[in-house]
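# Summary of structural features
As a plain string of letters, each chain reads:
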Amino acid sequence: MRLLLMALMLTAATAGWSQEKKVEFKPEIHGTVRAKYECQTEEGESRFEVRNARISITGKVVDAVSYKAEIDLSDEGNIKMLDAYTRLTPVENLNFTIGQFRVPFTIDAHRSPHQQYFANRSFIAKQVGNVRDVGASLGYKFKGKMPVVLEGGFFNGSGLTDQKNYWTKKINFSAKAQFYLPQGFNVTLSTQKISPSDNTVMMYDAGTYWHSNGWHIEAEYLFKHYNNNAFSDVHSFDGFVNYDIKTKSKKSFIKKVSPLARYDYMSDHSDGTSTNDDGTFNVTDYKRHRVTAGVTLSLATPFVSDIRINFEKYFYRDGAIVKPSEKDKIVVEFMTRF
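Remember, predicted model here, so these are calculated numbers, not experimental data.

What follows deals with the nonpolar core. With 20 residues, the main nonpolar core has Val-201, Met-203, Leu-222, Tyr-226 and Phe-281 as its most contacted residues. At the level of secondary structure, the elements contributing two or more residues to this core comprise α2 (123–128), β10 (201–212) and β11 (215–226). Per-element tally for this core: the top contributor is α2, with 3 residues. Non-local contacts of Phe-281, meaning those with residues more than four positions away in its chain, are made with Pro-196, Ser-197, Asn-199, Val-201, Tyr-226, Ala-230, Phe-231, Ser-270, Gly-272, Ser-274, Thr-275 and Asn-276.

To continue, consider the pattern of salt bridges. Per the stated rule, a full pass over the model turns up 26 salt bridges. In this structure, Glu-38 engages Lys-36 in a salt bridge whose closest nitrogen and oxygen atoms are separated by 3.5 Å. The burial state of Glu-38 is the same as that of Lys-36; both residues are buried. What emerges from the salt-bridge pattern is a single network uniting Arg-54, Lys-68, Glu-70, Asp-72, Asp-83 and Arg-132.

As a further point, take unusual backbone geometry. Phi at Thr-106 takes a positive value of approximately 70 degrees, unusual for a residue other than glycine. Within the element layout of this structure, Thr-106 appears in the loop between β5 (94–102) and α2.

Further remarks concern the pairing of strand β9 (residues 185–194). Along any regular strand, the residues point their side chains to alternate faces of the sheet. Along β9, 7 of the 10 residues are buried, which leaves the element largely enclosed by surrounding structure. Note: strand β8 (residues 172–180) against β9, 7 bridges, orientation antiparallel. Of the residues in β9, the one forming a bridge with Ser-174 is Gln-192.

It is worth spelling out the packing of aromatic side chains at this point. Here the structure, examined in full by the defined rule, presents 13 aromatic pairs. Relative to Phe-48, the ring of Tyr-37 has its centre 5.0 Å away and its plane inclined at 50 degrees; by these criteria the two rings are tilted. Remark: Phe-48 occurs in strand β2 (residues 46–62) and Tyr-37 occurs in strand β1 (residues 28–40); sequence separation between them is 11 residues. Aromatic side chains Tyr-140 and Phe-142 sit 4.7 Å apart centroid to centroid with 70 degrees between the ring planes, which places their arrangement in the edge-to-face category. When its relative accessible area of 31% is taken as the criterion, Tyr-140 is described as partly exposed. Ring pairing ties together the aromatic residues Tyr-85, Phe-101 and Phe-155, which thus form one cluster. Sitting over the face of the ring of Phe-123, Arg-288 holds its NZ or CZ atom 5.2 Å from the ring centroid. Over the face of the ring belonging to Phe-315 we find Lys-313, whose NZ or CZ atom lies 5.9 Å from the ring centre.

Attention now moves to the confidence of the model for the protein. Taken as a whole, the protein shows an average pLDDT of 89; of its residues, 91% reach a score of 70 or greater. Within the protein, helix α1 (residues 2–24) has the poorest average pLDDT of any element, 41, and strand β12 (residues 234–243) the best, 98. The model gives residues 1–23 a pLDDT under 50, and that stretch makes 1 contact with residues more than four places away or in other chains.

Pairing of strand β4 (residues 78–91) with β5 involves 6 bridges; the strand directions are antiparallel. Across the sheet, residue Thr-86 finds its bridge partner in β5, namely Ile-98. Counting the residues between successive antiparallel strands, the hairpin from β4 to β5 contains 2 residues, one of them, Asn-93, with a positive phi of roughly 75 degrees. Bridge count between β5 and strand β6 (residues 132–142): 9 bridges; the pairing is antiparallel. Its bridge partner lying in β6, Phe-96 is registered against Leu-138.

Criteria and cut-off values
- Residues numbered from 1 in each chain as written.
- Predicted model: local features only at pLDDT ≥ 70, side-chain atom pairs only at ≥ 80, totals over all residues.
- Heavy atoms only, no water.
- Core = buried A, V, L, I, M, F, W, Y, C linked by side-chain atoms within 4.5 Å.
- Buried < 20%, exposed > 50% of the residue type's maximum accessible area, 1.4 Å probe, protein only.
- Helix = DSSP H or I, 4+ residues; strand = E, 2+ residues; numbered from the N terminus.
- Contact = heavy atoms within 4.5 Å.
- Salt bridge = Lys/Arg side-chain N within 4 Å of Asp/Glu carboxyl O.
- Pairing = 2+ DSSP bridges.
- Phe/Tyr/Trp six-rings, centres within 6.5 Å; stacked < 30°, edge-to-face > 60°.
- Lys NZ or Arg CZ within 6 Å of the ring centre and 35° of its normal.
- pLDDT = per-residue confidence, 0-100.

What follows is the structure, given as structure tokens:
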């Protein structure tokens, strides 16, 4: 009888613990869908596109161990595995991450699609500083009146698809420091080394923004240097202003209206994937300026359901080869985050 009672008590305790753990460490499923209509004003051509259809699973297995797995079912029509990592938090404010994820670098390139202010990403976020890789990073947050977040890590340099047979003697790294100053100011400094082909590329980025009283004003500059004169140095800039106007009526379908404008620039750029016989890189993105203006209608906040209406005007250098989807256009995008 005593053994039976102990067995029943143990069973009840185990069941209660399992139920508590199930609730506390239940995985969370999130997703982002971005569908848009674009019309090129000069050609008169238009299209519909599903830009993103992302699904992610996040959660914890114990307090100190979390995870994330994210896949995009339609990244411009392609299926891509994006994030797949485990994160350890042995003590408060310190974390270690290993797996596949966006490297700690820049401000704008680090934004998820639902956090973007414009329908299309800046040149820094899309062409020049957009890097996801496989590796490990360490991060620490200093709390206080002026919090500081430090992140750094080492990565393969192989990107997301070339992992199984990829071995290297090179060290690719990325480091980022974020300084959260009073009155809504932020200063972010970062650097990154990558090794496309047999050459080394160093990138340096400095950015700042002010976020307060409905305003978000941001500016970012990125400098990219190619070793062995493989390509000319690249300069890229992104600056924009956004102002949120909340609707007064609680019954209004639209919760917030945000007029916004951006200027961004990029000199001739190479991603290092196409080389000549002498080891130099070919141009993959030609020098251009772009002015974007528009308005965002937020149906739920923050960054949950937006209608983004943008007009983009491009200015290319002489002799530039213009890609089909990078011309003057009107963009109407519907973004939903769940």
